[in-house]
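Residues per chain are reported as follows:
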Amino acid sequence: MSDPTTTTLLQADDASAARPAATATAAPPPGGERPVIGATRPGTAEPMGTFDETGQYHPRRVVEDDLGDVSFEDAVNRTIVEFDDGDLVAGTVVKVDKDEVLLDIGFKSEGVIPSRELSIRHDVDARSEVRVGDEIEALVLQKEDKEGRLVLSKKRAQYERAWGEIEKIKDTSGVVRGQVIEVVKGGLIVDIGLRGFLPASLVELRRVRDLQPYVGRVLEAKIIELDKNRNNVVLSRRAWLEETQKEQRGEFLVNLKPGEVRRGVVSSVVNFGAFVDLGGMDGLVHVSELSWKHVDHPSSVVSVGDEVTVQVLDVDLDKERISLSLKATQSDPWQEFAAAHRVGELVYGRITKIVPFGAFVQVGEGIEGLVHLSEMASHHVDLPEQVVTPGEELWVKIIDIDLQRRRISLSIKQAAEGGEVAEEYREAFGEHAYDAEGNYIGTYDYSAVEFTPETEAQAAWADYVADVAAPAPASTPASETGQPSGESDGGGDGPAPSTAAVSSEPAVEAPRGPAPDTAMAAAFAEAEQQAAGERSAGGRSPE
């Protein structure tokens, strides 16, 4: 029995052999016709692999060989990013979270940028700094931390780039421009690619007290200090303002002449004086030119914002400095004292300071004179403390006035010998204020002064003085009472005894003290005299 398949193939072969040679074709391969060279895959435009005449399959070339002389292994290695800690890398932001940003730099894993490393500003929102798809640059902080992450910093990369620019600007004396992002102690922080510090004293031509309004403003400034190791950049906007206003300043200085009197506003107060804004430039009033009196600190004389009248002492065109004087516009107390007093007059003063060679006495507002040790007393004095104490008030005599050196020589010893008092004291202490015996009787009406007791003792004395000072009731004439003259209204047989009739000895007069100079002192003296009279009459009985 024959195989049907074999029979079919044989029949096919016989049939094909009987065909003419010109029309003979190859039998189709199993599975259909083989594709010819250059044929495309059905339904596509891409060429497929081909077979040659011998039936050998040639696969379609997928890529071109563009590596040249480079091996495939080297080409693969070249696609791997190589870097170390501290290197700058570039990448694409692939994710933005609240606390971090993921950056694809072509490494085996994305780099992580913590939010604190995004910007030189503090407490910023990551979403406000970058967005997905942004191409940014970062600095490698750690190639692999404890968690195996690649840690990057956008802020540090910005620092590295900015430092190069900042150094170039500093070398060329250029100007930087940035936004004020923060107020710190002593000044402002300006974003110039890094954190630049602008001291408060260099924000304007004169010191500014309130810096808060500057936040958000864009300012121009000069770089005055640069230290990369300490990451320190100090700016000065005042230097930039002075440079831009130099022409106006020069014109202002040329028109300003010594001796002129100008109005200004105190812009700042320092230990050595006060600066006054004259309307474009500041001048310095040294502490010695603030007042004719001794000044411990300028703040005791002027305050920031005070409007003052000053005199121009000097103008330095080269250094652009103006020296001013406040006391030059005020009356000189030394001139006034010298005009109102002369040598030999007595003045009243207060001991302000004791020194080994004498004591200083204040004899006027801002005027002090010296009592030398030799003028303390008529006897020998080893130490001033033996004669005077600080705060003591006393009379002194003027023995010399040196107006040019502003010195006044005084004497306690010569004041004790007497003399003419100065004019301001004559109303109260002139010759008319003393009696013939030299006792002070005064001319001031102390009764007009209201006295308020501060202690129980003072109140008791005040009541006593009021009783003593009260006028005695007038005696009633005998004609009005109907009694004979000399008779007592008590119905006695004889006249009332007098104080002199109590004792046959003469009455003793109470000792007199120094002339009182106040109403209270006069009352005290009168009370003492009365008490002394009572003591002298006490213990005696009438005969």
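Residues numbered from 1 in each chain as written. Predicted model: local features only at pLDDT ≥ 70, side-chain atom pairs only at ≥ 80, totals over all residues. Heavy atoms only, no water.

Caption draft 1: Representation of the overall build of the protein within the structure. A count of helical and extended segments in the protein gives twelve helices and 22 strands. In the protein, which comprises 543 residues, the proportion classed as buried is 28%. Excluding contacts between residues fewer than 6 apart, the proportion of contacts in the protein whose partners are at least 24 apart in sequence is 55%. Accessible surface for the protein amounts to roughly 35600 Å². Of this, 49% is attributable to carbon and sulfur atoms. (Helix = DSSP H or I, 4+ residues; strand = E, 2+ residues; numbered from the N terminus. Buried < 20%, exposed > 50% of the residue type's maximum accessible area, 1.4 Å probe, protein only. Contact = heavy atoms within 4.5 Å. Areas by Shrake-Rupley, 256 points an atom, 1.4 Å probe, with all protein chains shown as cover.)

Caption draft 2: Focus on the nonpolar core. Membership of the largest hydrophobic core comes to 26 residues, with the highest contact counts inside it found for Val363, Met376, Val388, Val396 and Leu410. Looking at this core element by element, the count peaks at four residues for strand E18 (residues 346-355). Counting 25 residues, the second-largest nonpolar core is a separate cluster that includes Val180, Ile181, Leu202 and Val208. (Core = buried A, V, L, I, M, F, W, Y, C linked by side-chain atoms within 4.5 Å.)

Caption draft 3: Looking closely at the environment of Ser299. The topology assignment puts Ser299 in the loop between strand E15 (282-286) and strand E16 (307-316). One polar contact links Ser299 to His297, side chain to side chain, over a distance of 2.7 Å. (Polar contact = N/O pair within 3.5 Å; in protein donor to acceptor, adjacent residues only side chain to side chain.)

Caption draft 4: Main features of the sheet that holds strand E13 (residues 261-270). Ordered by their spatial adjacency, five strands build a closed barrel running E13-E14-E15-E17-E16, and the pairing between neighbours is mixed. With strand direction ignored, the average angle separating the axes of adjacent strands in the sheet is 50 degrees. Two strands pair when backbone bridges link them, and E15 and strand E17 (residues 321-325) are joined in this way by two bridges, in the parallel orientation. By the bridge assignment for E17, Val285 is matched with Leu324. (Pairing = 2+ DSSP bridges. Axes fitted to C-alpha atoms, helices over the stretch in contact; angles between N-to-C directions.)

Caption draft 5: The sheet that holds strand E6 (residues 135-142), seen in detail. Judged by pairing direction, the barrel is mixed, and its five strands sit side by side in the order E3-E4-E5-E7-E6 before closing back on the first. When strand polarity is set aside, the average angle formed by the axes of neighbouring strands in this sheet is 55 degrees. In this sheet, strand E7 (residues 150-153) lies alongside strand E5 (residues 111-114) in parallel orientation, the contact comprising two bridges. Looking at the pairing, Val112 lines up with Val151 of E7. Contacts between helix H4 (residues 154-171) and the sheet are confined to strand E3 (88-96), E5, E6 and E7, with E6 contributing the most and set at about 105 degrees to the helix.

Caption draft 6: View of the confidence of the model for the protein. Chain-level pLDDT for the protein is 75 on average; 70% of the residues reach the 70-or-more range. Scored below 50 in pLDDT, residues 1-26 shows one contact in the model against residues more than four places distant or in partner chains. Long-range and interchain partners of residues 539-543, a stretch whose pLDDT sits below 50, account for seven contacts in this model, where long-range means more than four residues apart. (pLDDT = per-residue confidence, 0-100.)

Caption draft 7: Structural context of a negative patch on the surface. On the surface, a cluster of negative charge is made up of Glu82, Asp84, Asp85 and Asp87. Take Asp87: it is sitting in the loop between helix H2 (72-78) and E3. Residue Asp87 is classed as partly exposed on the basis of its relative accessible area of 31%. (Patch = residues over 30% accessible without salt bridge, like charges linked within 9 Å, V, L, I, M, F, W, Y side chains within 5 Å. Salt bridge = Lys/Arg side-chain N within 4 Å of Asp/Glu carboxyl O. Lys, Arg positive; Asp, Glu negative; His and termini not counted. Charge placed at Lys NZ, Arg CZ, Asp CG, Glu CD.)

Caption draft 8: Examining the pattern of salt bridges more closely. Throughout the structure, instances matching the rule amount to 15 salt bridges. Between Arg149 and Glu100 there is a salt bridge, with the nearest N and O atoms lying 3.5 Å from each other. Linking Arg149 in the loop between E6 and E7 with Glu100 in strand E4 (residues 100-104), this pair joins segments that are 49 residues apart in sequence. The exposure class of Glu100 is partly exposed, given its relative accessible area of 25%. Across the pair Glu182 and Arg195 runs a salt bridge, and its minimum N-O distance is 3.0 Å.

Caption draft 9: Region of interest: H4. Here H4 is 18 residues long and its end C-alpha atoms lie 26 Å apart, about the 26 Å a rise of 1.5 Å per residue gives. In H4, a bend of some 25 degrees at Ala162 exceeds every other bend along the element. Ser173 occupies a position one or two residues after H4 and carries a positive phi of about 55 degrees. (Expected span 1.5 Å × (residues − 1). Bend = angle between axes of the 7 residues up to and from the residue.)

Caption draft 10: View of the environment of Lys413. Along the chain, the position of Lys413 falls in helix H8 (residues 412-415). Taking the C-alpha atoms as reference, Lys413 lies 5.5 Å from Met376; in sequence the two are 37 residues apart. Leave out the neighbours within four places in its chain, and Lys413 touches Ser374, Glu375, Met376, Ala377 and Ser378.

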